[in-house]
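A structural walkthrough
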Amino acid sequence: MTTTPLHLGRPEGKGLAAGTLGLWGSTVIGLASTAPAYSLVATLGWVVLAVGAQAPIAFIVAFVPMLLIAFAYRELNHAVPDCGTTFTWGTKAFGPWVGWMGGWGVAVAGMVVLANLAQIAGIYFWSLFGDGALSENAVLVTATGVAFIAAMTWVSWRGIEIGERLQNVLLAIQYVALAIFVVAAFWQFATGTAPHPTPFDWQWLNPFAFTEWSGFIEAVLLALFIYWGWDTCLALNEETKDPTRIPGRAALLTTVILLFTYVAVTIAAMMYAGVGEDGVGLGNEAHADDFFLAIKDGLLGPFGWVLVVAVLISAVSSTQTTILPTARGTLAMGVYRALPARFKRVHPQYRTPSFSTIVMGVVAIVYYVVMTLISDNILQDSILSLGLAIAFYYAITGYACVWFFRRQLLSSARNFFLQGLLPLAGALMLTYAFVQSAIDMWDVDYGYSVLLGIGGTFVVGIGSLLVGVVLMVVWFFFPRSTPFFRGESLNRETEVMVPDEDYRRSIDGGLA
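Residues numbered from 1 in each chain as written. Predicted model: local features only at pLDDT ≥ 70, side-chain atom pairs only at ≥ 80, totals over all residues. Heavy atoms only, no water.

1. Some thoughts on the pattern of salt bridges
The following threshold applies: Any carboxyl oxygen of Asp or Glu that lies within 4 Å of a side-chain nitrogen of Lys or Arg is treated as forming a salt bridge with it. Note on classification: 1.4 Å probe, protein chains only; a residue is buried when its accessible area is under 20% of the maximum for its type, exposed when over 50%, partly exposed between these limits.
Counted by the stated rule, this structure contains four salt bridges. Asp 297 is the partner of Lys 296 in a salt bridge, and the nearest nitrogen-oxygen pair spans 3.1 Å. Take Lys 296: its relative accessible area is 17%, and that puts it in the buried class. Classification of Asp 297 as partly exposed rests on a relative accessible area of 48%. One salt-bridge network, held together by shared partners, links Arg 74, Glu 75 and Arg 414.

Shown next, in the form of structure tokens:
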């Protein structure tokens, strides 16, 4: 039965800063949100441990479902350019329960990764001073990480234009540093001064050369993590100059740029250090979680600090851009009554989700501090489990695309492929990755801790999603939630709450 949309009194939109971002700004924020330098540091070594010399093709294979889901995001955004993204689209396609859990998946991923970004930022900040004792001081690193989260929360609250300008600078520094890394690695290989010069082999790009299926799946899930974040530019759709077109184009452009970045850096690293288990080899588990720190002095000598700065900036940059989509997701949930009314508050001058942004920062700080106090192992397991939340809400988006457009899939070849087949294929791939990874994470040897007699990674990953189920059921019993769960405040026919007119914006983020 079709229900009548509930008019919420804000037909001009949700109050966000409309007309602020162009294609360049959206792409920059999408790239910054993935934190390319940090993501490579956190992932490259573990991918090599999982699949050896097939690391480059693992990144390429992982790109496939990302690209397919990016098509789903683009098509859904063109039809429903709502900052709630997965929450809004999932609700319109499958109803309030699936939509709410999709929104929760976005929030969980953001909260968990912010804790790790804060820790990396703290470690690399004190590593700049060359004293290992400082970067290994848990209290000092935690306090520094908290300060970075607080600072980036303020930037996100202060205005999207300030954030965009900051990200332009931070992303440029990251890519300059990565370019220096690639050039230096190739130069030392060519001159024979690399520690383990390894000639390029086309087998590195052979998708049929994997020897273990479990290792392949593990590598792909890890690779999904380094691509994750491009959808931030979709969450900012209501703040772009063309909400129906720019975010989707920015998402596709972001994923393609990331593909070339990751494959180029991986090949350069393998030609420089090889994949051996000794020394600076990428297969050495001793520095699998911090490859740049292990090679910076040998690669760049007295300029090794360049790589440290790149990772530090990458982590800090992503801290700010990770807050953006979650705050806007919870803003949409507040507007459509899937969360308390406070979450829909928008700052009258800066036009940002004021309450949602502050809550996101506070929750991330609390989570980070609590996890650090309980056990660093559990914090690390939460990062390993992050792929579950990512695969979960990306898959929901893919399925939502197919179901939302089901009546028009056969109207043209374009619709069949871009709204049906490709998003469905991406969703199925991610569903398989989710299930297989959950099975693997059950093993007590998978991560760093054991909880309830099973792998701590499984408990943290699945447990965090189940917490969402509990919170959703609790919210169901609040009177304000009734229109949402009845399908009145948000359904397929609900009007898109995005302003049509353009806004002229001032530098400080207020209305001109």
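We are not done yet, so read on.
2. Notes on the packing of helix H17 (residues 413-441) against helix H18 (residues 456-476)
Describing two packed helices takes the angle between their axes plus the distance from one axis to the other. The criterion, for reference: Axis definition: a line fitted to C-alpha atoms, over the contacting stretch in the case of helices. Angles run 0 to 180 degrees between N-to-C directions. The numbering of helices and of strands both runs from the N terminus, where a helix is a DSSP run of H or I of at least 4 residues and a strand a run of E of at least 2. Each angle receives one of four descriptions, namely roughly parallel if under 35 degrees, roughly antiparallel if over 145, roughly perpendicular if within 65 to 115, and oblique otherwise. Crossings are classed by handedness, with left-handed meaning an anticlockwise turn of the near helix from the far one by less than a right angle and right-handed meaning a clockwise turn. Only heavy atoms enter the contact rule, under which two residues are in contact if any of them lie within 4.5 Å. Only Asp, Glu, Lys and Arg are considered charged, only Ala, Val, Leu, Ile, Met, Phe, Trp, Tyr, Cys and Pro nonpolar, and every remaining residue, Gly among them, polar.
Close contact between H17 and H18 brings their axes to 8 Å; oriented N to C, the two are set at 135°. With respect to their mutual orientation, H17 and H18 come out oblique. For the element pair H17 and H18, the recorded crossing hand is left-handed. Where H17 approaches H18, its residues Phe 434, Ala 438 and Met 441 are matched on the opposing element by Thr 457, Phe 458, Ile 462 and Leu 465. Across the contact of H17 with H18, the residue classes break down as six nonpolar, one polar and no charged.

3. Quick look at the packing of aromatic side chains
Quick note on the threshold: Note on aromatic contacts: the rings of Phe and Tyr and the six-membered ring of Trp form a pair at centre separations within 6.5 Å, being stacked when their planes are under 30 degrees apart, edge-to-face when over 60 apart, and tilted otherwise.
Applying the stated rule across the entire model yields 31 aromatic pairs. Aromatic side chains Phe 181 and Phe 292 sit 5.1 Å apart centroid to centroid with 25° between the ring planes, which places their arrangement in the stacked category. One end of the pair, Phe 181, is in helix H8 (residues 160-191); the other, Phe 292, is in helix H12 (residues 291-300), with 111 residues separating them in the sequence. Across the pair, Phe 292 and Phe 181 agree in class, each one buried. Measuring from centroid to centroid gives 5.4 Å for Tyr 227 and Tyr 262, while their planes differ by 70°, and the two rings are edge-to-face. With Tyr 227 in helix H9 (residues 213-227) and Tyr 262 in helix H11 (residues 246-273), this residue pair connects regions lying 35 residues apart in the sequence. As far as the burial class goes, Tyr 227 and Tyr 262 line up, both buried.

4. What about a nonpolar patch on the surface?
Quick reminder of the rule: Only residues whose relative accessible area exceeds 30% and that form no salt bridge enter a patch; like-charged residues are grouped when within 9 Å of one another, and nonpolar side chains (Val, Leu, Ile, Met, Phe, Trp, Tyr) when within 5 Å. Each accessible area is a Shrake-Rupley estimate made with a 1.4 Å probe; only the visible protein chains count as cover when residues are assessed.
A cluster of nonpolar side chains, namely Trp 97, Leu 466, Val 469, Val 473, Phe 476 and Phe 477, defines an oily patch on the protein surface of about 570 Å² accessible area. By residue number, the principal contributor to the nonpolar patch is H18, which donates four residues. Here Val 469 lies in helix H18. Overall, the relative accessible area of 33% leaves Val 469 in the partly exposed class.

5. What about the layout of surface pockets?
For the record, the criterion: Points on a 1 Å grid, built from protein atoms alone, make a cavity when a 1.4 Å probe fits but cannot get out and make a pocket when they are open with protein on both sides within 12 Å along at least 5 of 7 lines; residues with an atom within 4 Å of a point are the lining residues. Grid points are joined across faces, edges and corners, and a volume is the space filled by probe spheres set on the points.
Empty space within the largest pocket amounts to approximately 680 Å³. Lining of the largest pocket is provided by 33 residues; of these, Asn 116, Gln 119, Ile 120, Asp 289 and Gln 380 occupy positions nearest its centre. Counting residues per element, the ones that place at least two in the lining of the largest pocket are helix H2 (36-51), helix H5 (96-127), helix H7 (138-158), H9, helix H14 (354-374), helix H15 (376-384) and helix H16 (386-404). When the residues that make up the lining of the largest pocket are grouped by side-chain class, the tally is 18 nonpolar, 10 polar and five charged. By volume, the second largest pocket is sized at about 420 Å³.

6. Quick notes on the state of the cysteines
Here is the rule: The disulfide definition used here is simple: a pair of cysteine sulfur atoms within 2.5 Å.
Applying the stated criterion to the full structure yields zero disulfides. No disulfide involves Cys 83; its nearest neighbouring cysteine sulfur is the one of Cys 233, lying 14 Å away. Its relative accessible area of 1% is what places Cys 83 among the buried residues. Sulfur of Cys 401: no disulfide; nearest cysteine sulfur belongs to Cys 233 and is 16 Å away. The buried category is assigned to Cys 401, whose relative accessible area is 0%.

7. Considering the nonpolar core
Put simply, the rule is: What makes a nonpolar core is a set of buried Ala, Val, Leu, Ile, Met, Phe, Trp, Tyr and Cys residues whose side-chain atoms join them at distances within 4.5 Å.
Ranked by internal contacts, the top residues of the largest apolar core, which has 155 residues, are Trp 100, Phe 181, Tyr 227 and Tyr 394. Look past the residues within four positions of Phe 181 in its chain and what remains in contact with it is Val 265, Ala 268, Ala 269, Phe 291, Phe 292, Ile 295, Leu 299 and Leu 307.

8. Remarks on empty space enclosed by the protein
Summed over all chains, the structure comprises five cavities of 30 Å³ or more. Here the largest cavity defines a volume of roughly 80 Å³. Ser 33, Val 106, Gly 110, Trp 228, Gly 229, Asp 231, Thr 232, Thr 322, Pro 325, Thr 326 and Tyr 393 together form the lining of the largest cavity. If you list the elements that add at least two residues to the lining of the largest cavity, you get H5 and helix H13 (305-335). At three residues, H13 tops the list of elements feeding residues into the lining of the largest cavity. Of the residues in the lining of the largest cavity, the class split is four nonpolar, six polar and one charged.

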